[in-house]
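Summary of structural features
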Amino acid sequence: MMLHLKSADLKKQKMDILTVPVCEDKDLHEDPLIKEVIDKALKLDEFSGKKDESVILYDLPHIMARRVMLAGLGKYEKLNRETLRKMAGRTVKSCIAKEFATLWIALPAADRMNLEPSAGVVALLEGAYLGNHIFQKYRGDKKKKPLKQINLLTSRQTAGKFKHLCSKVATICEGTQLAREWISTPANDKTPEKFARSIAGLARKERLKVQVINEAQLKQRKLGALLAVAAGSQSKPSLVILEHKVPGAKKTVALVGKGVTFDSGGLNIKTGGYMADMKSDMSGAAAVAATLVTASRLKQKINLIGAIPIVENMLSGQATRPGDIIKSYTGKTVEIGNTDAEGRLILADAMAYAIKKYKPQITIDLATLTGACVIALGDHIAGVFSDDDELAGAITAAGEITHERCWRLPLPEDYKELLKSDFADINNMPSSRYGGAITAALFLAEFVDKTRWAHIDIAGPAYIKKDNAYCGPGGTGFGVRLLMEVLERI
Ligand code: BES
Ligand code: ZN
Ligand code: ZN
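First, a word on what this report is: a plain description of the structure on this page. (Residues numbered from 1 in each chain as written. Chains lettered and ligands numbered in written order. Predicted model: local features only at pLDDT ≥ 70, side-chain atom pairs only at ≥ 80, totals over all residues. Heavy atoms only, no water.)

This next bit is on the sheet that holds strand β5 (residues 102-106). Strand order in the open sheet made by the 6 strands is β1-β6-β5-β2-β4-β3, with mixed pairing throughout. Two strands close off the open sheet at either side, each with one partner strand: β1 (2-6) and β3 (54-58). If you compare each strand with its neighbour and ignore which way they point, the axes differ by 20° on average. Strand direction decides the pairing type here: strand β2 (residues 15-23) and β5, joined by 2 bridges, are parallel. Within β5, the residue paired with threonine 19 across the bridge is isoleucine 105. (Pairing = 2+ DSSP bridges. Helix = DSSP H or I, 4+ residues; strand = E, 2+ residues; numbered from the N terminus. Axes fitted to C-alpha atoms, helices over the stretch in contact; angles between N-to-C directions.)

Shown next as structure tokens:
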């Protein structure tokens, strides 16, 4: 799909639909024709510009557009990036339902978005682009057609000034869509072999350096924690390493993503509804892989390592048992108190490996790690853990921009008690149910040495059961726009 910023003469330009965002308490548009339409609607008491309200007017005089849709934004002082994204996403969805191919959205005047004008433009483009994504590769019938083109209507001068943002937004949101596609794909179609091949294939095409460390090599290199999780599955594990290098870059950042293609819980099998959406337990991996692809496409000026451990957590005669003790890559022994606490095991090895081999200045991991984090922060907010105030601050600030909200939680030293094992160096299962997101993060902290590190628990926001303004049901792609924004700040 194409994004554009364009000027056009409303009297002459044919359009299926023009969407006009309207605030209830402020005039956002300068164009006299648009103002006239808004006045008309406001006078009719049909529409007042309240948030989420909309009205469609047909065949207006002087305007060639077949329909003009007024879309309410609510109060001007509450106007922000997310209101604009949502409005654009909803509009796109309604246009897809009506089977249009092109949508125009009237861009508010540059000084009337309650934001830096470029931020307003970006938000509208993002909402529109993300709202246009539909996961439907398993649909034989009733396939919907995404829009082919979305134009922000503005003056020639403004169009010239912000045109360059279109391709940048499209590339980043394409990354989010890619992560969504991977996450929503069912586990039978993304066994660890298939998922690793899918990442490696695309990454090579995008000129990243790719290494797929296979099972035999993992054994040789002693990534025992990763291998212990993979033991019960028919499917072979791997550690995919992606490298994005640019000449003259000062920093290397390692991004690590949990890639459990399905989490049955293992022998500590999950019960009832808890297993249902566990195809999404690779959302961290999807976000990291998509971020590396995106960084490569944009020639981002930073060196990146993507370390993506990929396994399936299943049960069989070969599966790791509760009570087993395994040796991790660092040499630390781990008692497997619970086979369902598998994410921390594969991350421990992947992070230790990436840190040892590539010596990044900063490491960030993304993982659907704990149900406890969802209990703490709900479905829509990720937990951030770091001893590094600057890094944690960069992540939460980036999340406010992209509306991938992150909330910092503590890493209290004394809670490490809860991970003590009677027989091994550490237990993967805490001795208390309480503070589960924290104890999981503390477990990871034992494997990152002294590198600057942050952990983001995305168990809540990675996946949604019901669609929202600019995302369908399934994987949300949470983390891709966030990480791209973080990379600009560190
Ligand atoms: N993949 C799950 C965490 C999860 C839960 C993700 C809900 C998304 C939604 C993880 O591997 C897990 O099972 N964690 C256990 C840890 C416990 C056994 C210490 C949990 O959260 O219950
Ligand atoms: Zn689990
Ligand atoms: Zn898991």
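Still to come is the rest of the account.
The next subject is the coordination of the zinc ion (ligand 2). Around the zinc ion (ligand 2), the protein contributes the donor atoms Asp263 (OD), Asp340 (O), Asp340 (OD) and Glu342 (OE), at 2.0 to 2.2 Å from the metal centre. Positions of the donor residues of the zinc ion (ligand 2), expressed as sequence spacing, correspond to D-x76-D-x1-E. By relative accessible area, aspartate 263 is classed as buried at 3%. (Donors = N, O, S within 2.8 Å, 3.2 Å for Na, K, Ca; no water. Buried < 20%, exposed > 50% of the residue type's maximum accessible area, 1.4 Å probe, protein only.)

As a rule of thumb, nonpolar side chains are buried together in soluble globular proteins. Trp182, Ile199, Leu242, Ile308, Ile364, Ile395 and Ile456 are the most contacted members of the largest nonpolar core, which has 53 residues in total. The greatest single-element share of this core, amounting to 9 residues, is contributed by helix α9 (residues 283-297). In this structure isoleucine 199 touches Trp182, Val240, Leu242, Ala289, Ile308 and Ile310, once residues within four positions along its chain are discounted. (Core = buried A, V, L, I, M, F, W, Y, C linked by side-chain atoms within 4.5 Å. Contact = heavy atoms within 4.5 Å.)

The next subject is the coordination of the zinc ion (ligand 3). Around the zinc ion (ligand 3), the protein contributes the donor atoms Lys258 (NZ), Asp263 (OD), Asp281 (OD) and Glu342 (OE), which lie 2.0 to 2.4 Å from the metal centre. Each of the 6 donor atoms bound to the zinc ion (ligand 3) contributes to angles spanning 78 to 174°, and the resulting shape is octahedral. For the zinc ion (ligand 3), the single-chain donor residues occur in sequence as K-x4-D-x17-D-x60-E. A separation of 3.2 Å is found between the zinc ion (ligand 3) and the zinc ion (ligand 2), which share aspartate 263 as a coordinating residue. With aspartate 263 in strand β10 (residues 259-263) and glutamate 342 in the loop between β13 (333-335) and α10 (343-358), this pair connects stretches of sequence that are 79 residues apart. (Tetrahedral: all angles 85-135°; square planar, octahedral: opposite > 155°, others 65-115°.)

With that settled, the discussion passes to a positive patch on the surface. A contiguous patch of positive charge, built from Lys51, Lys78, Lys86 and Arg405, is present on the exposed surface. Relative to the elements of secondary structure, lysine 51 occurs in the loop between α1 (32-43) and β3. (Patch = residues over 30% accessible without salt bridge, like charges linked within 9 Å, V, L, I, M, F, W, Y side chains within 5 Å. Areas by Shrake-Rupley, 256 points an atom, 1.4 Å probe, with all protein chains shown as cover. Salt bridge = Lys/Arg side-chain N within 4 Å of Asp/Glu carboxyl O. Lys, Arg positive; Asp, Glu negative; His and termini not counted. Charge placed at Lys NZ, Arg CZ, Asp CG, Glu CD.)

What we call a disulfide is simply a covalent bond connecting the sulfur atoms of a pair of cysteines. One pass over the full model with this rule turns up 0 disulfides. Lacking any disulfide linkage, cysteine 95 is separated from the closest cysteine sulfur, that of cysteine 166, by 17 Å. In this structure cysteine 471 is not part of a disulfide, and its nearest cysteine sulfur, from cysteine 173, lies 12 Å away. Using a relative accessible area of 3% as the deciding quantity, one classes cysteine 471 as buried. (Disulfide = S-S within 2.5 Å.)

On to the side chain of glutamate 342, then. For glutamate 342, a relative accessible area of 1% gives the class buried. In contact with glutamate 342, other than residues within four places in its own chain, are Val229, Lys258, Val260, Asp263, Asp281 and Asn313.

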